[in-house]
Amino acid sequence: MKKSVLFVSAALMMCYFTSCGGGKKKDEAGGGHQLRYRGEKKTDEAAADVTAEAGTEAAVPEYKLLDLPTVDLSKFPKDADGWITMFDGKTLNGWRGYDRTDVPNAWEVNDGAIHIKGSGAGEAGAKDGGDLVFAHKFKNFELEWEWKVAKGANSGVFIMIQEVEGQPSYISAPEFQILDNANHPDAKLGKDGNRMSASLYDMIPAKPQNSKPFGEWNKSKIMCYKGTVVHYQNDEPVVEYHLWTQQWKEMLDKSKFSKDKWPLAYELLLNCGGPNKEGFIGLQDHGDDVWYRNIKIKILD
């Protein structure tokens with residue numbers, strides 16, 4: 001490679017690390033961290049070369065995907081119609097914390113439901129809290145569950161989660177909002193009610209908005225098939241969107257996950273589900289008391 005190209009590559013990489021407040025150095029043994037640029041794994045040096053060739057377009061921030069234990073879905077009960085029980089009402093078998101191998105103590109089984117014990121700490125969560133994921137990746141599916149919230153509570157159900165080291169689950173995952181619309185201030189934020197229950201969080205409002213008051217059970221469903229995603233709330237379709245399309249990109253551009261506001265979230269959500277277009281399903285710890293029950297899934301592959 002010519003010296004001039006090497007000089008440009010090095011200069012651009014120095015600018016990148018400076019603008020991001022620094023970056024992870026290579027391992028002392030010499031094997032660099034893996035970067036992902038436009039969804040491809042690249043070494044630090046290769047990413048620098050791509051950046052130089054791209055001219056004005058900066059590389060995607062560095063991130064690391066974790067490879068944590070998963071479960072064998074064939075071990076879970078399946079009924080005659082193909083519905084697989086994800087929660088048996090008694091144990092958290094199949095579930096673990098996001099980015100970890102055990103279950104955070106803030107989650108418990110209470111009266112036949114999965115309960116996140118409110119910490120009052122908001123997104124900071126409980127001392128041993130954090131989001132909960134079912135340890136199997138799903139691609140095309142129908143997911144059904146019931147939920148209720150305490151007064152003023154906030155949570156969410158995520159799909160297509162990629163476990164990114166040191167980052168929150170929602171950095172890579174579309175969110176079905178769970179909220180007490182009447183008492184949580186998030187209901188009045190965003191645009192046109194797109195942070196109210198069953199909405200695609202911060203992107204598409206659920207219409208009609210038919211959630212029940214805090215303390216009452218709601219019935220919900222997500223259908224995800226070849227990129228088409230539909231939200232249902234209390235037996236009515238309320239949201240539809242299409243992953244990996246121009247519409248999806250335009251929604252991200254106008255959201256809190258835009259390239260300018262959050263480059264890494266933009267990269268991960270734009271390529272939602274990663275190269276295999278699949279990911280984990282998760283329940284959010286937002287610091288409030290929320291209950292989930294009758295969680296089941298049907299594979300549509």
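Up top is the structure these notes are about.
We now turn to the structure provided with this report. Keep in mind the model is a prediction, meaning the values are calculated, not measured. (Residues numbered from 1 in each chain as written. Predicted model: local features only at pLDDT ≥ 70, side-chain atom pairs only at ≥ 80, totals over all residues. Heavy atoms only, no water.)

Strands sit in the order 4-7-14-9-10 across an open sheet of five strands; the sheet is antiparallel. In this open sheet, the two strands that pair with only one neighbour each are strand 4 (95–97) and strand 10 (175–179). Adjacent strand axes in the sheet meet at a mean angle of 25° when their direction is disregarded. Of the strand pairs in this sheet, strand 4 and strand 7 (residues 132–138) are connected by three bridges, and their pairing is antiparallel. Counterpart to Trp95 in the pairing with strand 7 is Phe134. (Pairing = 2+ DSSP bridges. Helix = DSSP H or I, 4+ residues; strand = E, 2+ residues; numbered from the N terminus. Axes fitted to C-alpha atoms, helices over the stretch in contact; angles between N-to-C directions.)

Attention shifts here to the pattern of salt bridges. Tallying each qualifying case throughout the model produces ten salt bridges. Residue Arg195 is joined to Asp202 by a salt bridge in which the shortest nitrogen-to-oxygen separation is 2.9 Å. Assigned by exposure class, Arg195 and Asp202 land together as buried. Residue Lys219 pairs with Asp235 through a salt bridge whose shortest N-O separation is 3.4 Å. Separated by 16 residues along the polypeptide, Lys219 in strand 11 (residues 218–225) and Asp235 in the loop between strand 12 (228–233) and strand 13 (236–242) bring together distant segments of the chain. Taking the relative accessible area as the measure of exposure, Asp235 reaches 58% and is therefore exposed. Overlapping salt bridges, with partners in common, bring together Arg100, Asp102 and Asp128 in one network. (Salt bridge = Lys/Arg side-chain N within 4 Å of Asp/Glu carboxyl O. Buried < 20%, exposed > 50% of the residue type's maximum accessible area, 1.4 Å probe, protein only.)

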